[in-house]
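# Fold and geometry: a report
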Amino acid sequence: MRTSVSYNQRDFEQQLARDLGRDLPFAAARAATWTAKDIQKNSKKWMVRVFDRPTRWTLNAAFVKPATKRQMTAEVYFKDFAPKGTPAGKYLLTQIRGGRRPHTRWEKRLIHAGVMRVNEYAMPGKALKLNRYGNVPRGVYAKILAQLKIGDSGIGNESRSSKAAQQRRGAARYFVSYGKDAPRIGGVRPSSLPRGIWQRDRRGSVSPVFIFVERVPDYADVFDWKNWADATARARMPINFKRSADLILRRPNR
């Protein structure tokens, strides 16, 4: 998702444009970049207003591609890459457009490993403790992947010594329930527990961490970022252009 800020000479005073002369492209490019940064700054305010305790990663998701004298259009993007987890641009896009959310990287990993079906989604269970932002702690994902031995090419899988140490401490153990209709293939066995990832505590009690559901999670378009960004551009571009032009016209060497 992105929005752009461009210079349109018809929107500004013709006399001011003539006074700038050859400095007009620079003044316009700088004004467009300033306006894009206004949108970037306001994006944080809009997120705080709409979302419940957004993380710092989410708040800093917007970035600016500056305008130049040759390309007098500045652009505001949401980051679409993340070294770990889901890029902010992907989950924010769902909030902006609404509709069905795509599988997360975590869910794709489970599908690839054969733990989850392609038409399923992993929804939090009652045993899952969220962090202060209301998100799943990254360490939980790593522990589950390690215990289920579905790390990348075996990297990060739990060793025997680590497993024994956790058992001595009474740490919860994760396991997969494939449901009552599961076939007896390899390590897969039918279970009376609903499909999902469960944990067993030191007393032997089991509780769900993630439940696999076939219902696609839908989101309303609660984050009207595109319209707010466009309104900001319309309001701020004339102001920023005049400010940029005034700085040039006040230079002593003109």
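For clarity, every value in this text was computed on a predicted model and none was experimentally measured. (Residues numbered from 1 in each chain as written. Predicted model: local features only at pLDDT ≥ 70, side-chain atom pairs only at ≥ 80, totals over all residues. Heavy atoms only, no water.)

### Topic: the overall build of the chain
When you go through the chain residue by residue, the secondary structure sums to eight helices and nine strands. Within the chain, buried positions represent 41% of all 254 residues. Counted over contacts in the chain with a minimum sequence separation of 6, partners at least 24 positions apart contribute 63%. (Helix = DSSP H or I, 4+ residues; strand = E, 2+ residues; numbered from the N terminus. Buried < 20%, exposed > 50% of the residue type's maximum accessible area, 1.4 Å probe, protein only. Contact = heavy atoms within 4.5 Å.)

### Description of the packing of aromatic side chains
Under the counting rule described, the total for this entry stands at six aromatic pairs. Each ring, one from F63 and one from Y77, has its centre 5.4 Å from the other, and the planes form 15°; the classification is stacked. Residue F63 is located in strand β2 (residues 62–65), and its partner Y77 is located in strand β3 (residues 73–78); the two are separated by 14 residues in the primary sequence. Plain terms: the ring middles of W106 and Y141 are 4.6 Å apart, the flat faces sit at 45° to each other, and that makes the pair tilted. Linking W106 in helix α5 (residues 105–112) with Y141 in helix α6 (residues 138–147), this pair joins segments that are 35 residues apart in sequence. Residue class for W106 comes out buried when judged on its relative accessible area of 9%. Members of the aromatic cluster, joined through ring pairs, are W106, Y141 and F210. The side chain of R243 reaches across the aromatic face of W34, ending 3.8 Å from its centre. (Phe/Tyr/Trp six-rings, centres within 6.5 Å; stacked < 30°, edge-to-face > 60°. Lys NZ or Arg CZ within 6 Å of the ring centre and 35° of its normal.)

### Examining the confidence of the model for the chain
With 78% of its residues at a pLDDT of 70 or more, the chain shows a mean pLDDT of 80. Scored below 50 in pLDDT, residues 153–159 shows twelve contacts in the model against residues more than four places distant or in partner chains. (pLDDT = per-residue confidence, 0-100.)

### Concerning the pattern of salt bridges
Where charged atoms from two side chains of opposite charge approach closely, those side chains can pair. Taken as a whole and judged by the stated rule, the model has seven salt bridges. A salt bridge links R203 to D201, with the nearest nitrogen and oxygen atoms 3.3 Å apart. The shortest N-O distance in the salt bridge between D246 and K242 comes to 3.1 Å. With D246 and K242 both in helix α8 (residues 225–249), this residue pair falls four residues apart, about one helical turn. D246 sits in the partly exposed class, given a relative accessible area of 24%. Under the relative-accessibility criterion, K242 is labelled partly exposed at 47%. Here the salt bridges do not stand alone but share partners, grouping R117, E120 and R195 into one network. (Salt bridge = Lys/Arg side-chain N within 4 Å of Asp/Glu carboxyl O.)

### Re the environment of H103
Residue position: H103 is located in the loop between β4 (99–100) and α5. Residues H103 and A122, spaced 19 residues apart in sequence, show a C-alpha to C-alpha distance of 9.0 Å. Beyond its immediate chain neighbours, meaning those up to four positions away, H103 contacts K108, I111, M116, V118, E120 and Y121. Within polar-contact distance, the side chain of H103 engages the backbone oxygen of E120 at 2.8 Å. (Polar contact = N/O pair within 3.5 Å; in protein donor to acceptor, adjacent residues only side chain to side chain.)

### Some words on the nonpolar core
Counting residues in each nonpolar core, the largest one holds 31 residues, and the members touching the most others are F78, F223, W225 and F241. Examining the composition of this core, we find that ten residues originate from one element, helix α2 (residues 24–50), more than from any other. Among the nonpolar cores identified, the runner-up in size contains 23 residues, and V136, I144, A182 and F210 belong to it. (Core = buried A, V, L, I, M, F, W, Y, C linked by side-chain atoms within 4.5 Å.)

### Considerations on the sheet that holds strand β6 (residues 173–177)
Taken together, the four strands give an open sheet; going across it, the order is β5-β8-β7-β6, and neighbouring strands pair in antiparallel fashion. Of all the strands in the sheet, the pair left with one neighbour each is β5 (121–124) and β6. Adjacent strand axes in the sheet meet at a mean angle of 25°, parallel and antiparallel pairs treated alike. With four bridges joining them, β5 and strand β8 (residues 206–213) adopt antiparallel strand pairing. Within β8, the residue paired with P124 across the bridge is F210. Sitting on the sheet, α5 is in contact with β5, β7 (196–200) and β8, with an inclination near 125° to β5. (Pairing = 2+ DSSP bridges. Axes fitted to C-alpha atoms, helices over the stretch in contact; angles between N-to-C directions.)

### With respect to the pairing of β2
Burial along β2 is one-sided: the face carrying A62 and V64 is buried and the face carrying F63 and K65 is not. Sheet topology note: the β2/β3 ladder contains four bridges and is antiparallel. The residue bridging A62 from the neighbouring strand is F78, located in β3.

### Some points on the pairing of β6
β6 sits mainly inside the fold: five of its five residues count as buried. Going residue by residue along β6, you find R173, F175 and S177 tucked away on one face and Y174 and V176 tucked away on the opposite face as well. Of the strand pairs in this sheet, β6 and β7 are connected by five bridges, and their pairing is antiparallel. Residue pairing in the sheet places S177 in a bridge with G196 of β7.

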